[in-house]
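An overview of the molecular structure
One-letter residues, chain by chain:
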Amino acid sequence: MAFRLKLVPDETNINFFRWQRYTFGLSAVLMVISVILLLTMGLNFGIDFRGGTTIRTESSTAFDVADYRAALTEVEGIGDVSITEVFDPTYGEDRHVAQVRIGATDDTEAMTPEQIDAVEAALTEIDPNVKFVAVESVGPKVSSELIKTAVYAILAASAGILLYIWLRFEWQFAVGGVVAIIHDVLLTMGIFSALQMRFDLSTIAALLTILGYSINDTVVVFDRLRENLVRYKTMPLIEVMNLTVNETLSRTLMTALTTAIALLALFILGGDVIRGFVFAMLWGVVVGTYSSIYVAKNIVLWLGVKRDWSKPDPDKLPDQFTEAP
Amino acid sequence: MLDIPLWKRVLILGVVVIGLIWAMPNMFYGRVEAHNDAVAAAEKAGFATEEQEAAIDLWPDWLPSGLVNLGLDLRGGAHLLAEVHVEDVYKSRMDSLWPELRRALAEEREVIGAVRRVEGPEDQLHVEIENPDQMARAVEIARGLASPIVTLSGAGQSDLDITASGNTLIVQLSDAEKAATDTRTIQQSLEIVRRRVDEVGTREPTIQRQGSDRILIQVPGIGSAAELKELIGTTAQLTFNPVIGRGTDPDARAGIGNIVLPSQNEEGVYYTVEEAPVVTGEELTDASPSFDQNGQPAVDFRFNPSGARKFGAYTAENIGQPFAIVLDNEVISAPVIRDAITTGSGQISGSMDVAESTQLAVLLRAGALPAELTFLEERTIGPELGQDSIDAGKLASIVAIVGVVAYVVASYGIFGVFASVAVIMNVVLLLALMSAIGATLTLPGIAGIVLTVGTAVDANVIIFERIREELRKGKRVVSAVDTGFREAMSAIIDANVTTFIAGLVMFFLGSGPVKGFAVTLTIGLATSVFTAIYFTRLLIVVWLERRRPKELVL
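For clarity, every value in this text was computed on a predicted model and none was experimentally measured.

Before going further, it helps to examine the sheet that holds strand β18 (residues 373–381) of chain B. The eight strands lie next to each other as β3(A)-β4(A)-β2(A)-β5(A)-β18(B)-β2(B)-β8(B)-β7(B), forming an open sheet whose pairing is antiparallel. The outermost strands of the open sheet, each flanked by one partner alone, are β3 (81–86) of chain A together with β7 (206–210) of chain B. Looking at each pair of strands side by side, their axes are set apart by 15° on average, direction ignored. Pairing of strand β5 (residues 131–138) of chain A with β18 of chain B, which is carried by five bridges, proceeds in the antiparallel orientation. Residue pairing for β18 of chain B: E136 of chain A is matched across the bridge by R379 of chain B. Lying on the sheet, helix α9 (residues 225–233) of chain B is in contact with β2 (77–84), β8 (214–220) and β18 of chain B; it crosses β2 of chain B at an angle near 45°.

Encoded structure:
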């Protein structure tokens, strides 16, 4: 007998919907909390969405954030400054990285070269070893448009997915799938708000991926559900669902784990530049897996679904047949 | 289902082999890049230096040399998003129209009375006339200056909108002309920016129109966005020079005060021209494609008053002589002067078709930026940071692949090995496709690849889980595998189509990191469907045929 790593026994019979009231309630509560967080604390928008400039500095000598800030208050004509030191486990002893963020002052354009020069000169003065490895500046005019297109992208992707599921399945499935998407996106934005992690264009890319991943997961389960609905015509809906989740559980966890392994490698080793982005995706894998079991299907369970696919719906029979002599 | 015909096997293996060959240059990135750069430089120059020869020899010509383009975040370079102030052109058009209109109105001074320009919006020309009751006549005269629009969309319309209000005559560009002007302005700005960026001769820059009035400029390898801004800010040289002679010898003796310049579109032709130009491009206000009196394609151009005076004097004295239109030290055209051109506007005609006349008009205007540019977004990524990201990305990808392979093999044994081979093949095909279409790999793109690795296994997992179920039901091996593949199909397709929709949306609506991610995600989806369904199946079928296992532990 060959060795096989199995996370899930061959035959499971877990009653997933025994706790449905709690899980669904928890999801609802978490969504409400996310909305409240978004409204009160808001998101820590990066320069992509707020306009402004970020300068990434790198130096072989240790520096003090307070010194940097003091040096920058001397510079004229720049917006509010925030400085964070970047830590990364992969950095050597002699690598000190800081991220300097400067708010936008102009109302359309990016920062002028003179302003950037002045900032760079001020920092070089206190630390001659400092190098400016990346300078990015976004004017407020573009940043507001970027927000708009980002929102459009998420809406359009959701609409496209909704339409596809509706065509391939039944409308109840489409509603379930989309509610699951909203759930995942909201919860992800919620954690970004709670931890005040930087929210920028790459976060939007991550959100869209979460959306794709979550729906991917949901669709695979839906697909099996549809098959089982035809096979077990008389079994109560809730039991068919339970059976389906049990049947697909092994695959769901397997896929979630392989994706998580790949993402974890990127999270730990991929460098600090994309850490936020990868974090969002990791979080999305967890939330997406959860939502495809507990949110999407609960919605379908609530809405009910047409069971007998072999006979046409009597209400929808064409008139000429019902009234035929 | 399980007996795959020979031609299909050959086809599948063929795709895999082609994928391997196309992806291969990326293994030797530095060498291939040096080779490609040297080839391009040698072609441009027409000969190869010793250094370039050596670089060319680094990679054999008969092997594919397509590489995955590295994005700015990986290579380092500068990114600028510029807005073109298209309205600037309306103003200059109105300013240059005023002298013409004044002259035309002055001819009928007895009827109309004195005229003077008064304050108005920048993009309009407001003219007060002394005798308001003669307004109709003034409007008629002004209409005489308007000309029909040549573009397709605006055909049949006039380029000027002329209205009267009280004793004020209001002239402005018609909407159709404004639209045509905008397009021309952007085109011209693009052309100028491209010329100026090409000057620095770095690797393939990206210069694209974005939206209605924006230009996106990405130049890999340049030190900073500030440097790039400076470069774009400098003026390209457009001059009109007297022609001394024409020949084929680039080393011809030019004589004092003369220079030899190559012709832009005639191979091997060189012009000897006077070094001091008669008029320079700074004095040109507009150039547009048109037709001459014989209905042949031509180019209309217009100078500002000082340019017009100089040009008029020169052409009057040199009828029958050619003059050269020189752009960045290349002669783009050398027409013969037929008449003195005193109005400040002229026409270049000759043997050209409509496309050529359009092109020439663009080139003529390429002298100076037609409108002001403001920079809405700028990003500089240092090459060190790019290299760091590549190294980190590489390491992470390798660890990710090893981790996933170990996990999948532990879970599915020999089938796990097949799935792993398929997943690695998937990355190879992804890189091959990206190299072939010249797609750009960015940092989020690497994340996209890693995610593809994670999810590519999904299709195989769906199949394997199905096979497991069938085996548990007591089916025989072959039929279990067969059913497993068939039953898994609809789930795989549905799952991939939905993700594909998200990917397409990201590609079309997104910009920057979103787009970079979408590129690898969508290409990765396509290749993963191929590897998961066809390639894995082929491996399994061959294995079944060889081993003929009585039972299968999965």
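More follows now that the structure is in view.
Counting residues at the interface gives 76 residues for chain A and 68 residues for chain B. Interface of chain A and chain B: buried area, both sides summed, is about 6100 Å²; carbon and sulfur atoms make up 63% of it. Applying the counting criterion to the chain A and chain B interface returns 10 salt bridges. Across the pair R379 of chain B and E136 of chain A runs a salt bridge whose closest N-O atoms are separated by 2.5 Å. The interface formed by chain A and chain B holds 18 residue pairs in polar contact (both at pLDDT 80 or more) in total. Elements that contribute at least two residues to the side of chain A that touches chain B include exactly α4 (113–126), β5, α5 (140–168), α7 (201–231), α8 (237–269) and α9 (275–294) of chain A. Top element by residues in the side of chain A that touches chain B is α7 of chain A. It accounts for 16 residues.

All names here are of chain A. Looking at the secondary structure, you find D272 in the loop between α8 and α9. Assessed through its relative accessible area of 17%, D272 is described here as buried. Reaching out from D272, the side chain makes a polar contact with the side chain of R56 at a distance of 3.0 Å. Setting aside its immediate chain neighbours within four residues, D272 contacts R56, V86, D88 and Y91.

Residues and elements named next belong to chain A. Burial analysis of helix α10 (residues 296–303) places six of its eight residues in the buried class, which makes it a mostly covered element. By the burial criterion, the buried members of α10 are A296, K297, N298, I299, V300 and L301. Here the buried face of α10 lies against α1 (20–40), α6 (171–194), α7, α8 and α9. Just past α10, the residue G304 takes up positive phi, approximately 75°.

Attention now goes to unusual backbone geometry. The phi torsion at Q196 of chain A lies on the positive side, around 50°, for a residue other than glycine. Looking at the secondary structure, you find Q196 of chain A in the loop between α6 and β6 (198–199). Of note in the backbone geometry, R548 of chain B takes a positive phi value of approximately 45° without being a glycine. Along the chain, the position of R548 of chain B falls in the segment after α16 (513–547). Among the residues examined, R548 of chain B registers a relative accessible area of 62% and is labelled exposed.

Quick look at the pattern of salt bridges now. According to the stated counting rule, one finds 32 salt bridges over all chains in the structure shown. Between K473 of chain B and E470 of chain B there is a salt bridge, with its nearest N and O atoms 3.4 Å apart.

With that settled, consider the packing of α8 of chain A against α10 of chain A. Residues and elements named next belong to chain A. Interhelical geometry of α8 versus α10 gives an angle of 160° and a closest axis separation of 10 Å. Classified by the interaxial angle, the pair formed by α8 and α10 is roughly antiparallel. Handedness of the crossing formed by α8 with α10: right-handed. Across the interface between the two elements, L237, I238, M241 and V245 from α8 touch K297, V300 and L301 from α10. A breakdown of the residues in the contact of α8 with α10 according to their chemical character gives six nonpolar, no polar and one charged.

Moving on, we get to the packing of aromatic side chains. Within this structure, the stated rule accounts for 29 aromatic pairs over all chains. For the pair F45 of chain A and F49 of chain A, a centre-to-centre distance of 5.7 Å together with 90° between the ring planes defines the contact as edge-to-face. Overall, the relative accessible area of 6% leaves F49 of chain A in the buried class. The interplanar angle of 85° and the centroid separation of 5.7 Å between the aromatic rings of F415 of chain B and W543 of chain B together place this pair among those described as edge-to-face. Taken as a pair, F415 of chain B in helix α13 (residues 414–437) and W543 of chain B in helix α16 lie far apart in primary sequence, 128 residues in all. When sorted by exposure, F415 of chain B lands in the same class as W543 of chain B, which is buried. When the ring centre of F267 of chain A is taken as reference, the NZ or CZ atom of R275 of chain A above it lies at 5.8 Å.

We now examine α9 of chain B. Residue and element names in this part refer to chain B. Looking at α9, one finds that the buried residues are A225, L228, K229, L231 and I232. The buried residues of α9 occupy one face: seen down the axis, they fall within an arc of 160°. Seen from the buried face of α9, the exposed residues on the opposite side, beyond 90 degrees, are E230 and G233.

It is worth spelling out a nonpolar patch on the surface at this point. All names here are of chain A. Together, L163, W166, L167, W171, V175, W302 and L303 make up an exposed nonpolar region whose accessible area comes to about 790 Å². No other element matches α5, which puts three residues into the nonpolar patch. The residue W166 is located in helix α5 in this model.

Quick look at a negative patch on the surface now. On the surface, a cluster of negative charge is made up of E50, E51, E53, D57 and D61 of chain B. Within the element layout of this structure, D61 of chain B appears in the loop between α3 (50–56) and β1 (69–70).

What follows is about the nonpolar core. Buried together is how nonpolar side chains tend to be arranged in soluble globular proteins. Residues and elements named next belong to chain B. In this structure, F415 and I467 are the most contacted members of the largest nonpolar core, which totals 139 residues. For this core, the leading source of residues is helix α14 (residues 443–472), giving 16 residues. Excluding residues within four positions of it along the chain, I467 makes contact with F415, A480, V481, G484, L552 and L554. In this structure, Y90, I112, A146 and L169 belong to the second largest nonpolar core, which totals 23 residues.

Conventions and cut-offs
- Residues numbered from 1 in each chain as written.
- Chains lettered and ligands numbered in written order.
- Predicted model: local features only at pLDDT ≥ 70, side-chain atom pairs only at ≥ 80, totals over all residues.
- Heavy atoms only, no water.
- Pairing = 2+ DSSP bridges.
- Helix = DSSP H or I, 4+ residues; strand = E, 2+ residues; numbered from the N terminus.
- Axes fitted to C-alpha atoms, helices over the stretch in contact; angles between N-to-C directions.
- Contact = heavy atoms within 4.5 Å.
- Buried area = accessible area lost by both parts, 1.4 Å probe.
- Salt bridge = Lys/Arg side-chain N within 4 Å of Asp/Glu carboxyl O.
- Polar contact = N/O pair within 3.5 Å; in protein donor to acceptor, adjacent residues only side chain to side chain.
- Buried < 20%, exposed > 50% of the residue type's maximum accessible area, 1.4 Å probe, protein only.
- Parallel < 35°, antiparallel > 145°, perpendicular 65-115°, else oblique.
- Left-handed = near helix turned anticlockwise from the far one by under 90°.
- Nonpolar A, V, L, I, M, F, W, Y, C, P; charged D, E, K, R; others polar.
- Phe/Tyr/Trp six-rings, centres within 6.5 Å; stacked < 30°, edge-to-face > 60°.
- Lys NZ or Arg CZ within 6 Å of the ring centre and 35° of its normal.
- Arc of directions from axis to C-beta.
- Patch = residues over 30% accessible without salt bridge, like charges linked within 9 Å, V, L, I, M, F, W, Y side chains within 5 Å.
- Areas by Shrake-Rupley, 256 points an atom, 1.4 Å probe, with all protein chains shown as cover.
- Lys, Arg positive; Asp, Glu negative; His and termini not counted.
- Charge placed at Lys NZ, Arg CZ, Asp CG, Glu CD.
- Core = buried A, V, L, I, M, F, W, Y, C linked by side-chain atoms within 4.5 Å.

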